[in-house]
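# Coordinate inspection notes
Okay, here's what each chain looks like letter by letter:
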Amino acid sequence: MDFSFTPEENSFREEVRAFMAAELPQDIRDTHFGFRRHTWEQMFRWHKIVAAKGWVAPYWPVEYGGTGWTPVQQYIFDEEAMLAGAPRLRPFGLKMIGPVLIRYGSDEQKAHFLPRILSGEDYWCQGFSEPGAGSDLASLKTRAVRDGDIYKVNGQKTWTTTGQHANWMFTLVRTDPTAEKPQQGISLLLIDMNLPGVEVRPIITIDGDHHVNEVFLNDVEVPASMLVGEENKAWTYAKFLLGNERVGIANVGQNKAELRLLRLLALKRQRNGGPLIEDPVFAAKLADLETDFMALEITNLRMLSSIKPGGDSAELAPFLKLRGSEIQQRTNELAMEAAGPRAAVWEKENSGDAVLDRYGTHGWLLSRAFTIFGGSSEVMKNIVAKQTLRL
Ligand SMILES: Cc1cc2nc3c(=O)[nH]c(=O)nc-3n(C[C@H](O)[C@H](O)[C@H](O)COP(=O)(O)OP(=O)(O)OC[C@H]3O[C@@H](n4cnc5c(N)ncnc54)[C@H](O)[C@@H]3O)c2cc1C
């Protein structure tokens, strides 16, 4: 099957390019093209600029602040933003809990939370995984007991990304431990991180940084109005959320931008007296990677062009997550090779080489997590076999 953009899509791309040229601050571009990582402040500044334009939640229905773009237009926007050097907007509010609230939340929840996600006023984290519940999420044990107008919550969440910055956590809890199947008896609660009994403890990952946390919940009293949808029905909501998360995690636009950056790096770095890009062994590895990326891109576009706005995107999501995360890892690996022998040195701060901030040992080690979070590669393969290949 062939894929080509329509004239309307091409003119939309021009409009997005003009927006990037006019609105994306130079220091943010310079960070990307200087091979460094965007800061937290740059990401939030960019969120506010895109929100002011009304483009921050393209996948939401128009009445809640979405744009009415088709899935292909959404992809074009993402791709152009990444290629221009913009930071990736954090997905927890915009792509994960936002769409769940729109579909399953109460009118009060929508009225209160959706505008605050759009403006960036609230920052969300995801409280799904537990020490004994990762791939097997349905075995989660965090307990919520209804007591009048509140739920009393006790348990522990783990790997909570950027939980140290979040003021809200969307949390899977067990409300009926007697249910026949583990998938039944799970509910979704919105927990204010400032409530008494919520304790966030850092986990320092293999790259030496603080990205993830443990979150302890001790007798936390959550208002019953913070239950999303029906009690004991959250498995349906969680599957919807994870489907959206996995499409996002394929990061096709970001993958493309990373590959462009890698090509740029290979033009600038020297090997054997010439640009690295002219080294036949390196050039062959890069071509191999770019070819695999093109296959991912086309698959993504085929999927996007076949779904209606607001429709489910879950069918191919596990496949895209699997391939996208593998390609991201390979890009990181090749970029580390391009950075040269000093990339192996641990001390990035004093290296005198900005490239090592992104493509040194730290970045490479962090990239190992791409095939774990949002569902590990092995688990994605199981889902592809069952759901897509119907084996
Ligand atoms: C950097 C990072 C950030 C994260 N952020 C968040 C977050 O913000 N919120 C959140 O809720 N969670 C988060 N996670 C958790 C993530 O979703 C889980 O780590 C992931 O689902 C795997 O679960 P686990 O770590 O318990 O490993 P396990 O489920 O114990 O798996 C261990 C190994 O066994 C394999 N395996 C498991 N089951 C099967 C099977 N049925 N068939 C074949 N192989 C199998 C896995 O692939 C893996 O290799 C994050 C994880 C990381 C590493």
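The shown structure was predicted, so the numbers you read here are calculated from the model rather than taken from an experiment.

The rules behind the values
- Residues numbered from 1 in each chain as written.
- Predicted model: local features only at pLDDT ≥ 70, side-chain atom pairs only at ≥ 80, totals over all residues.
- Heavy atoms only, no water.
- Axes fitted to C-alpha atoms, helices over the stretch in contact; angles between N-to-C directions.
- Helix = DSSP H or I, 4+ residues; strand = E, 2+ residues; numbered from the N terminus.
- Parallel < 35°, antiparallel > 145°, perpendicular 65-115°, else oblique.
- Left-handed = near helix turned anticlockwise from the far one by under 90°.
- Contact = heavy atoms within 4.5 Å.
- Salt bridge = Lys/Arg side-chain N within 4 Å of Asp/Glu carboxyl O.
- Polar contact = N/O pair within 3.5 Å; in protein donor to acceptor, adjacent residues only side chain to side chain.
- Core = buried A, V, L, I, M, F, W, Y, C linked by side-chain atoms within 4.5 Å.
- Buried < 20%, exposed > 50% of the residue type's maximum accessible area, 1.4 Å probe, protein only.

Bringing the packing of helix α4 (residues 71-84) against helix α8 (residues 252-268) into the picture now. Two elements in contact, α4 and α8, have axes separated by 8 Å at closest approach and are oriented at 30°. As the angle between them shows, α4 and α8 are arranged roughly parallel. The handedness of the crossing between α4 and α8 is right-handed. For the pair formed by α4 and α8, the contact residues are Tyr-75, Asp-78, Glu-79, Met-82 and Leu-83 on the first element and Val-252, Gly-253, Gln-254, Lys-256, Ala-257 and Arg-260 on the second.

With that settled, consider the pattern of salt bridges. Counted under the stated rule, the structure contains 21 salt bridges. In this structure, Arg-45 engages Glu-41 in a salt bridge whose closest nitrogen and oxygen atoms are separated by 2.7 Å. In this pair, Arg-45 and Glu-41 both sit in helix α3 (residues 40-53), four residues apart, roughly one turn of the helix. Put simply, Lys-152 and Glu-221 hold a salt bridge, and the shortest N to O gap is 4.0 Å. Placement of the pair is Lys-152 in strand β3 (residues 150-158) and Glu-221 in strand β7 (residues 210-223), with a sequence separation of 69 residues. Among the charged side chains, a network of salt bridges with common partners joins Arg-13, Glu-14, Arg-17, Glu-79, Glu-80, Lys-256 and Glu-297.

Turning to the side chain of Lys-157, a few remarks are in order. Among the structural elements, Lys-157 can be located in strand β3. Among the polar contacts made by the side chain of Lys-157, one reaches the main-chain carbonyl oxygen of Gly-127 at a distance of 3.5 Å. At a separation of 3.0 Å, a polar atom in the side chain of Lys-157 contacts the main-chain carbonyl oxygen of Phe-128. With residues up to four places along the chain from it excluded, the contact list for Lys-157 reads Gly-127, Phe-128, Ser-129, Glu-130, Thr-142, Met-169, Thr-171, Leu-172, Glu-214, Val-215 and Leu-217.

If you look at the biggest cluster of nonpolar residues, it comprises 101 residues, and the most contacted ones within it are Val-153, Phe-170, Leu-188 and Leu-190. When neighbours within four sequence positions are excluded, Phe-170 is seen to be in contact with Phe-92, Met-96, Ile-97, Trp-124, Cys-125, Gln-126, Gly-127, Phe-128, Leu-188, Leu-189, Leu-190 and Leu-241.

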